[in-house]
Amino acid sequence: MAEWSMDLDDADDARTALEAAYRHALSFHRGRGSLPPAATAGFGALMHAFGGPVPELGVPAGQVIEQLAAAAGPGLMGTAGPRFFGWVAGGSHPAGVAADWLTSVWGQNAACYEGAPAAAVAEQVAAQWLVDVLRLPRECSVGITTGATMSNFVCLAAARSALLQRVGWDVEADGMSGAPPITVFAGEEAHASVFAALRYLGFGERKVVRIACDSAGRMGVEALRAALAQCGGPHVVIAQAGHIMTGAFDPVEAIVRLTRERGGWLHVDGAFGLWARACPARAPLAAGVEFADSWATDAHKWLQAPYECGCAFVRDTDAHRRAMTMGAGYLPPAGSECIRDPLHYTPELSRRARGFALWALLRAFGRRGIAAMIERHCAMAQRLADRLGAEPGIEVLNEVELNQVVVRFGRHEPAARGDALTQATLERIRQAGICFAHGAHWRGRRVMRLSVIAWPTTGDDIDRSADSMIEAWRATRQAAACIEAACPSPAPCMDHAST
Ligand SMILES: Cc1ncc(COP(=O)(O)O)c(C=O)c1O
């Protein structure tokens, strides 16, 4: 067999590869409504499909794309589909996906204007539009990151820089060793990424003063007041707009007052909840957020951008640039120039031109389209909660303020039995293959958590999903009752259904 050697300028091969990607993408997109919501292949099958020794010889790019599509297909989750309610996952809208394809084809390095003028300007404009849509202070600077984890990191790095500069310490030059201490206050139910960001920045997770929260995960104002009263020096307060389980908002207006009174820095982690500000009917949930000092959010959540697209907003642009900038003789300096170089706002130098997809999505939805989508998702989350909550034995644990629903199966059952029933029901829901629901441990209990946030989801998808979840619960309850009654029937029988 003749050896194939890669022709770096083979136009036919390039066309075959791009056309293959296009064909697979269209077929995936068209079939997304009927795709299984969870992967059908397990680890072993995927290792077999992708694995093997390092290829010695190359194959044409078109062939590689066919192989990739065949290997990945059974291992794909229905994240971009209409009945995927796991984690908090936007649905990769075609406007962003297509822009992202072009981003790869164009191969721009979005580090600076000089190297990628269109990418820098698209990002600059999209960043300004975002500030406007989210109704944040106009003077904010914006970093387009890989996600809210990195956005939390960027914002907290800026906080560190500003607070230490106020007490005469240059953390960028002199580091954290020997620096005046900064006390960090965060709700005990702040997102894991906040604690990770603090760790990366040398604050130490154990040193964070964790403020007690209410049953929905909201930070307690009196607990924060009491904790702040013990602190005399520089401090950061980290509030949350949208709890990962319940969607609840910390009482930001009160937190703003407390933090301002004492000269602290207020950061808001609003990975998905900050988008409530773009929807007039939900905006009151995030009232007062605009008075914070920094904000983290994700465009790959409610704006439906393809991964990875997060946003870090910082009111003190000098602190933002000081914390993130990189200097070298061949790079543009960080100034207050009207042309913005992205490299001064995130930890990366060479990077993907994420601004193209961001720009395309803001252009495609428009302010009103974003508001309508958010409201539709919130109304659908409420509908899902109402359907589930009306079924005997199912308990909805949260008040649905936004798009998140937390569910427990086996209402009034002892804790361990409720955990087992919840887990068994989750497994049946997955086996049924209508929708994807995610299990979690929360406040010592096994729960099902649902996030309604993907653009293709319709009311019909919600009803089909609710039917499937209720059916799974009834079958689980029936099977459990049969086992307890030592029923000889080989399958769950109706005799014990009402137990
Ligand atoms: C409140 C909150 N913060 C931060 C994150 C982390 O976001 P990412 O996974 O985009 O880094 C999430 C993710 O769901 C979140 O819900």
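Overview of the structure. A quick note: this is a predicted structure, and the numbers were derived from the prediction, not measured. (Residues numbered from 1 in each chain as written. Predicted model: local features only at pLDDT ≥ 70, side-chain atom pairs only at ≥ 80, totals over all residues. Heavy atoms only, no water.)

Close to the ligand lie 13 residues, the nearest being Thr149, Ser193, Asp269, Asp298 and His300. In this structure, Lys301 approaches the ligand through a side-chain N or O atom, which is 3.3 Å from an oxygen atom. Compared with its free state, where it exposes 390 Å², the ligand has 84% of that area covered by protein. Looking at side-chain class alone, the shell around the ligand contains 4 nonpolar, 6 polar and 3 charged residues. (Near = heavy atom within 4 Å. Polar contact = N/O pair within 3.5 Å; in protein donor to acceptor, adjacent residues only side chain to side chain. Areas by Shrake-Rupley, 256 points an atom, 1.4 Å probe, with all protein chains shown as cover. Nonpolar A, V, L, I, M, F, W, Y, C, P; charged D, E, K, R; others polar.)

Turning our attention to the pattern of salt bridges. All told, the structure shown has 27 salt bridges when counted by the stated rule. Between Glu123 and Arg351 there is a salt bridge; the shortest N-O distance is 2.6 Å. Residue Glu123 is found in helix α5 (residues 117–133), and its partner Arg351 is found in the loop between α11 (317–324) and α12 (354–389); the two are separated by 228 residues along the sequence. According to the relative accessible area criterion, Glu123 is buried, its value standing at 0%. Classification of Arg351 as buried rests on a relative accessible area of 6%. In this structure, Glu139 and Arg315 form a salt bridge, with 3.2 Å as the shortest nitrogen-oxygen distance. Of the two residues, Glu139 is situated in the loop between α5 and β1 (141–145) and Arg315 in the loop between β7 (310–314) and α11; the sequence distance between them amounts to 176 residues. Judged by relative accessible area, Glu139 falls into the partly exposed class, the value being 45%. Residues joined by salt bridges that share partners form a network here, namely Arg383, Arg387, Asp463 and Asp467. (Salt bridge = Lys/Arg side-chain N within 4 Å of Asp/Glu carboxyl O. Helix = DSSP H or I, 4+ residues; strand = E, 2+ residues; numbered from the N terminus. Buried < 20%, exposed > 50% of the residue type's maximum accessible area, 1.4 Å probe, protein only.)

Next up on the list: the layout of surface pockets. A volume near 1,200 Å³ is recorded for the largest pocket. Looking at the largest pocket, it is lined by 35 residues, and the ones nearest its centre are His24, Ala25, Phe28, Leu76 and Val97. (1 Å grid on protein atoms, 1.4 Å probe; cavity = no way out; pocket = protein on both sides within 12 Å on 5 of 7 lines; lining within 4 Å. Points joined across faces, edges and corners; volume = space filled by probe spheres on them.)

Moving on to the sheet that holds strand β11 (residues 445–451). One open sheet accounts for 4 strands, arranged β8-β9-β11-β10; its pairing is antiparallel. Among the strands making up the open sheet, the edge pair consists of β8 (394–396) and β10 (438–442). Strand-to-strand twist across the sheet, computed as the mean angle between neighbouring axes with direction ignored, equals 40°. Relative to β11, β10 is paired through 5 bridges, and the arrangement is antiparallel. (Pairing = 2+ DSSP bridges. Axes fitted to C-alpha atoms, helices over the stretch in contact; angles between N-to-C directions.)

To continue, consider the pairing of strand β5 (residues 265–269). Burial analysis of β5 places 5 of its 5 residues in the buried class, which makes it a mostly covered element. With burial as the criterion, each face of β5 is covered, one bearing Trp265, His267 and Asp269 and the other bearing Leu266 and Val268. When strand β4 (residues 235–240) meets β5, the two strands line up parallel, connected through 5 bridges. Its bridge partner being in β5, Ile238 is matched across the sheet by His267. Between β4 and its parallel partner β5, the chain crosses via helix α10 (residues 252–261), and the hand of that crossover is right-handed. In terms of strand pairing, β5 meets strand β6 (residues 294–298) through 3 bridges, oriented parallel. Counted as the bridge partner of Val268 is Trp295 from β6. (Right-handed = clockwise from strand over helix to strand, strands pointing away.)

Moving on to the packing of helix α4 (residues 94–106) against α12. Look at α4 against α12: their axes get within 8 Å of each other, and the N-to-C directions meet at 155°. When the interaxial angle is binned, α4 and α12 end up roughly antiparallel. Judged by the sense of rotation from one axis to the other, the crossing of α4 with α12 is right-handed. Counted together, Ala95, Gly96, Ala99, Thr103 and Trp106 of α4 and Phe356, Ala357, Ala360, Leu361 and Ala364 of α12 form the full contact between these two elements. The class makeup of the residues in the contact of α4 with α12 is 8 nonpolar, 2 polar and no charged. (Parallel < 35°, antiparallel > 145°, perpendicular 65-115°, else oblique. Left-handed = near helix turned anticlockwise from the far one by under 90°. Contact = heavy atoms within 4.5 Å.)

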